[in-house]
Amino acid sequence: PQEFRHGYLELIRELRGLDSGPEVLVTTPPPIYPEKAAEKRREDLARRRDNLVGQVIPLIREVAAEAEGATLVDVHGHMSASGGSADLTHDGVHYNGAGYRKMCGVFEAALIADQGFPDN
């Protein structure tokens, strides 16, 4: 975890130091739905989902909070809370067109909010 954290923070610092001054978005990964996977993959995907939720996502949130000039986009939280479902994926991991459209809405809202644009 510390190596991941250090590497992620260093990457953000390098990006923020570019002359072009890019907007840096730190994103949580989208949800995993083991129940949609082939039966032989469900147990492995359930472990991956649990690791993602219990270890990886909290670490990404910490990095985003610590990183100067980075914006957290909580794809996982928004996709889960706003009616995300296994039907948005082909196999529980890889998103279909509807899933990517929903995910795009999460990024759009984050970018608009970060720029201070009004909702209408």
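Residues numbered from 1 in each chain as written. Predicted model: local features only at pLDDT ≥ 70, side-chain atom pairs only at ≥ 80, totals over all residues. Heavy atoms only, no water.

Strand direction decides the pairing type here: strand S1 (residues 24-27) and strand S2 (residues 70-73), joined by four bridges, are parallel. Bridge assignment links Val24 to a residue of S2, and that residue is Ala70. (Pairing = 2+ DSSP bridges. Helix = DSSP H or I, 4+ residues; strand = E, 2+ residues; numbered from the N terminus.)

Among the secondary structure elements, Arg5 is positioned in helix H1 (residues 2-16). A residue is classified by how much of its surface remains accessible, and Arg5, at 16% relative accessible area, is buried. Every residue in contact with Arg5, bar those within four places of it in the chain, is listed here: Leu59, Glu62, Val63 and Glu66. (Buried < 20%, exposed > 50% of the residue type's maximum accessible area, 1.4 Å probe, protein only. Contact = heavy atoms within 4.5 Å.)

Our focus in this paragraph is a nonpolar patch on the surface. A contiguous nonpolar patch, built from Leu11, Leu15 and Leu18 and spanning about 240 Å² of accessible area, is present on the exposed surface. Examined against the element boundaries, Leu15 turns out to sit in helix H1. (Patch = residues over 30% accessible without salt bridge, like charges linked within 9 Å, V, L, I, M, F, W, Y side chains within 5 Å. Areas by Shrake-Rupley, 256 points an atom, 1.4 Å probe, with all protein chains shown as cover. Salt bridge = Lys/Arg side-chain N within 4 Å of Asp/Glu carboxyl O.)

Okay, the pattern of salt bridges next. What the rule picks out here adds up to eight salt bridges. A salt bridge links Arg61 to Asp74; its shortest N-O distance comes to 3.0 Å. With a gap of 13 residues between them, Arg61 in helix H2 (residues 39-66) and Asp74 in the loop between S2 and helix H3 (75-81) connect regions that are remote in the sequence. Since its relative accessible area comes to 35%, Arg61 is described here as partly exposed. The exposure class of Asp74 is buried, given its relative accessible area of 15%. Taken together, the salt bridges that share partners define one network made up of Glu43, Asp44, Arg47 and Arg48.

As a further point, take the packing of aromatic side chains. Evaluated as defined, the whole model comprises two aromatic pairs. Measuring from centroid to centroid gives 5.5 Å for Phe4 and Tyr8, while their planes differ by 85 degrees, and the two rings are edge-to-face. With a gap of four residues between them, Phe4 and Tyr8 both fall in helix H1, about one helical turn apart. (Phe/Tyr/Trp six-rings, centres within 6.5 Å; stacked < 30°, edge-to-face > 60°.)

Turning to the pairing of S1, a few remarks are in order. Only one face of S1 is covered, namely the one carrying Val24 and Val26; the face carrying Leu25 and Thr27 has none of its residues buried. Taking the sense of rotation as the criterion, the β-α-β connection linking S1, H2 and S2 turns out right-handed. (Right-handed = clockwise from strand over helix to strand, strands pointing away.)

Attention now goes to H1. Over its 15 residues, H1 extends 21 Å from the first C-alpha to the last, a length consistent with the 21 Å expected when each residue adds 1.5 Å. Within H1, burial applies to Arg5, Tyr8, Leu9 and Ile12. Across the axial projection of H1, the buried residues extend over an arc of 95 degrees, all falling on one side. Exposed and oriented more than 90 degrees from the buried face of H1 are Glu3 and His6. Packing partners of the buried residues in H1 comprise S1, H2 and S2. (Expected span 1.5 Å × (residues − 1). Arc of directions from axis to C-beta.)

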